[in-house]
Amino acid sequence: MARAVTFDERGPVGLMGIDNPPVNAISHSVRCGLHDAMAQAAKNPRIKALLITSDGKQFSAGADITEFDRPQGEPSLQQVQTAIEFSSIPIVAAIGGLALGGGLELAMACHYRVAHKDAKLGMPEITLGIIPGAGGTQRLPRLIGAGAALNMILSGTPISALEAKDKGLVDDVVEGDLRHAALSFCERLVQEGRGPRPTCNRSVSDSLDEAEIASALLAHARALKGRSTQQLVIEAIKASRLPFAQGIAIEASIAQKSLASRESLALRHVFFAERESGKLSGASTIHNKRTQTPAIQRVAVIGAGTMGSGIAVAFADAALDVMINDNDPASLTRSREVVSSTYASSVRRGRIAQSVADERIRRIRHAHTLAEVADADLVIEAVFEDVETKKDVLTRLDSALPAERVIATNTSTLSVTELARATAHPERVLGLHFFVPAHASRLLEIVRTEHTSPESLATAFRIAKLLKKVAVVSRDAFGFIGNRMMLDGYFREAEQLLLEGATPAQVDTALENFGFAMGPQRVSDLGGNDVGTKARAQLFKRDSRPDPYFVIADRLTEMGRLGQKTGRGFYTYENGSREAVSDPEVHNLIEKLASDRGIRRREINDEEIIERCILSLVNVGAMVLEEGTAARAADVDVVWTSGYGFPRHLGGPMFYADTLGLSHVLEGIRHYHEKLGHYWRPARLIERLASSGSSFEAWDRTSASP
Ligand code: 3HC
């Protein structure tokens, strides 16, 4: 086993450096390394203090999550912490980069903490559906108070070193060379004769009262909607009032419970799925990290519309220079306004300082001739969603740019293959499907054609990483991954339920209670019913769908009920309010459309709404897999949890289907197939997996293709 902790003697100080790339996770080898280094130091009378630091960029990203589902091996992190706390010489943690989860828990067991001013300290366990299980719920309250600890653990978001100092979590914040400053700190301890100071011996200064708990839950209610880990966190923090040994035992049993929960399995699935989706697997494997890609510093965006401007902002946010190109001066003027107002809003909301906004605005140039894009490292075409217009732009870009430069087309509906054919180098063309708003949305669908080269794909992955977006590769097909499942599955079924008797509010509320951030009709109203109608018209040029495919949304578009922007859509919005109010005109319209089609209306309950919307989503998801549009079921989960509001704590539609059991899923799909007709045809992949008692997760392990 490679040495994961280095040991060095520096005067009276023993220096332990955690060296476990890429993120210094506290795996078994690190725990052994720390344990051995402490044992070595104990035998050395010259050593009067110990310093734990990192040989990498991060102090530590926490416990090794890959070890969670297997026996962890001794020493456990808790055993290492006990050895630290009861060491006869003082032990100091020097925190640079990130100290997260178990990494911070390790530091909290040290007697003193010194942090670099740029360091961040946090307890993100709740994002994985677990409680901090290595003393975090017992030591953090002892250091910063129970109320502050509750907020920090519920938020999951790291705090700055200065905030940590204010709260009493670190003893000193330093600038410049952390190791040097921390060694001086240790030497001072030795000179001043300050010895060990076990955190476990402290008591908690405050106790949690119900009002404080309620206010903390309220502050994090949005992120924790539908979740249960927060109750376990509260239970564990309450135990910090007890003597340490008792509290830690309670924490250990609650931690075990959280680790075994469905919520945690689902959230850990999404954590790894998001990291895996940024890679391609299978026969023609390329790994983006291993494929050489040229550096990207300058980007050109063609088309100064809302999408083009949003994409430019996304790149400027990532500290890249961007040029927005459009041959229409009025569009360029509007784009400047969009960029300014986007940044003004970020400043107003306190997300960035005015000076940062100014610097980012300066990164964005506007130009009106294509000749000016020639020195861009990457060009993204984001002109009007029309095949001939886009082809024309791509042809011109193809002759203006050196052959190795990647050309991306931002489309949600058109065939990227057809667009690529307009160039002499289709291998450098791919689709980048940005979501609205392009600078804030997390998901980026990368659309590959038969011709797209591995190098072009690797560049697309690099872009996603630069933009801090989650990338998923889709083959070029109707709606790619996300919209195909939304249109043929989830939203289509929601409309069908309206025709059969449910109201928009009933459908939306049922799905919001299931965990979706927003129900389908409210989403349509927000995005604009006309946007959906236009997109479907474009998609139908690839492949059409029989009536009643979105007959209600299209009729609303014809009536000018475009959604929130016109104050009327599936709902009415009074005086610019976002509150959706039911509208009898829409109910009458739906009844008429149903009666024209001979659909008999009836009472529909919430269970049926959820079952039909989710099963149809899963069924189309399986088709997307069997057709090869998505490579892995986990990729589908990433698309839906990061781009379409599917509840992350349920793991995404395919993971959720696995938890229901595919035989049960198939039974439901067959039932609706019989009742509702061909569009409910069961996916062959589900039939195959269900018949052998298998799952999407198992399919990913054995058969997923690139
Ligand atoms: N354990 C194991 N592997 C981890 C890990 C962890 N805690 N954190 C990151 N990794 C792995 C990733 O899977 C990825 O592996 P890959 O290259 O094979 O795909 C690699 O490290 C790099 O990670 P990212 O791609 O995410 O790198 P970034 O630079 O974008 O982000 C990060 C770095 C912010 C540290 C991010 O990885 C992260 O948020 N990690 C998880 C942090 C976390 O949740 N810590 C708590 C763990 S649970 C715990 O500590 C329990 C304790 O209470 C007992």
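Residues numbered from 1 in each chain as written. Predicted model: local features only at pLDDT ≥ 70, side-chain atom pairs only at ≥ 80, totals over all residues. Heavy atoms only, no water.

Looking now at the environment of Ala99. Considering the arrangement of structural elements, one finds Ala99 in strand E5 (residues 98–100). Among the residues examined, Ala99 registers a relative accessible area of 0% and is labelled buried. In the structure, Ala99 is positioned 266 residues away from Arg365 in sequence and 38 Å away in space, judged by C-alpha atoms. Beyond its immediate sequence surroundings of up to four residues, Ala99 is in contact with Phe59, Ser60, Leu104, Lys120, Leu121 and Gly122. (Helix = DSSP H or I, 4+ residues; strand = E, 2+ residues; numbered from the N terminus. Buried < 20%, exposed > 50% of the residue type's maximum accessible area, 1.4 Å probe, protein only. Contact = heavy atoms within 4.5 Å.)

Now for the site of the ligand. Surrounding the ligand, one finds 27 residues, the nearest of these being Ala61, Gly102, Glu105, Glu125 and Arg275. Here a nitrogen atom of the ligand sits 2.9 Å away from a polar atom, N or O, in the main chain of Ile65. Gly133 is positioned with one of its backbone polar atoms (N or O) 3.2 Å from an oxygen atom of the ligand. For the ligand, whose unbound accessible area comes to 980 Å², protein coverage reaches 75%. Only E5, helix H3 (102–109) and helix H11 (262–276) provide two or more residues apiece to the shell around the ligand. The class makeup of the residues in the shell around the ligand is 16 nonpolar, 4 polar and 7 charged. (Near = heavy atom within 4 Å. Polar contact = N/O pair within 3.5 Å; in protein donor to acceptor, adjacent residues only side chain to side chain. Areas by Shrake-Rupley, 256 points an atom, 1.4 Å probe, with all protein chains shown as cover. Nonpolar A, V, L, I, M, F, W, Y, C, P; charged D, E, K, R; others polar.)

In this section: the confidence of the model for the protein chain. When pLDDT is averaged along the protein chain, the result is 94; 97% of the residues meet or exceed 70. Here residues 282–289 is a poorly scored stretch, pLDDT under 50, and it has 14 contacts once near neighbours within four places are set aside; other chains count. (pLDDT = per-residue confidence, 0-100.)

For the rest of this paragraph, the subject is the domain arrangement of the protein chain. For the protein chain, the domain assignment lists domain 1 (5–264), domain 2 (296–475) and domain 3 (482–702). Spacing between the C-alpha centres of domain 1 and domain 3 amounts to 44 Å. Each partner contributes residues to the interface: domain 1 has 5 residues there, and domain 3 has 6 residues. The three residues of domain 1 that bury the most area against domain 3 are Lys225, Arg262 and Glu263, which together make up 77% of that side's buried surface. (Domains from an automatic or database assignment. Buried area = accessible area lost by both parts, 1.4 Å probe.)

What follows deals with helix H18 (residues 482–500). Spanning 19 residues, H18 covers 25 Å between terminal C-alpha atoms, matching the ideal 27 Å at 1.5 Å per step. Helix geometry: H18 is bent most strongly at Arg492, by close to 40°. Along H18, 19 of the 19 residues are buried, which leaves the element largely enclosed by surrounding structure. The first or second residue beyond H18 is Gly501, which carries a positive phi of 140°. (Expected span 1.5 Å × (residues − 1). Bend = angle between axes of the 7 residues up to and from the residue.)

Before going further, it helps to examine helix H4 (residues 136–144). Among the 9 residues that make up H4, 9 are buried, leaving the element largely enclosed by the rest of the structure. For H4, the full list of buried residues reads Gly136, Thr137, Gln138, Arg139, Leu140, Pro141, Arg142, Leu143 and Ile144. Directly after H4, the chain includes Gly145, whose backbone phi takes a positive value near 100°.

Turning our attention to the pairing of strand E13 (residues 378–381). Side-chain alternation along E13 places Leu378 and Ile380 on one buried face and Val379 and Glu381 on a second face that is also buried. Pairing geometry for strand E10 (residues 298–302) and E13, over 4 bridges, is parallel. Residue pairing in the sheet places Val301 in a bridge with Ile380 of E13. In the classification by handedness, the crossover that spans E13, the intervening helix H15 (residues 387–400) and the parallel strand E14 (residues 406–409) is right-handed. (Pairing = 2+ DSSP bridges. Right-handed = clockwise from strand over helix to strand, strands pointing away.)

What follows is about a positive patch on the surface. Together, Arg348, Arg349, Arg351 and Arg578 line one region of the surface with positive charge. Counting through the fold element by element, Arg349 comes out in the loop between helix H13 (329–348) and helix H14 (354–363). We classify Arg349 as exposed; its relative accessible area is 59%. (Patch = residues over 30% accessible without salt bridge, like charges linked within 9 Å, V, L, I, M, F, W, Y side chains within 5 Å. Salt bridge = Lys/Arg side-chain N within 4 Å of Asp/Glu carboxyl O. Lys, Arg positive; Asp, Glu negative; His and termini not counted. Charge placed at Lys NZ, Arg CZ, Asp CG, Glu CD.)

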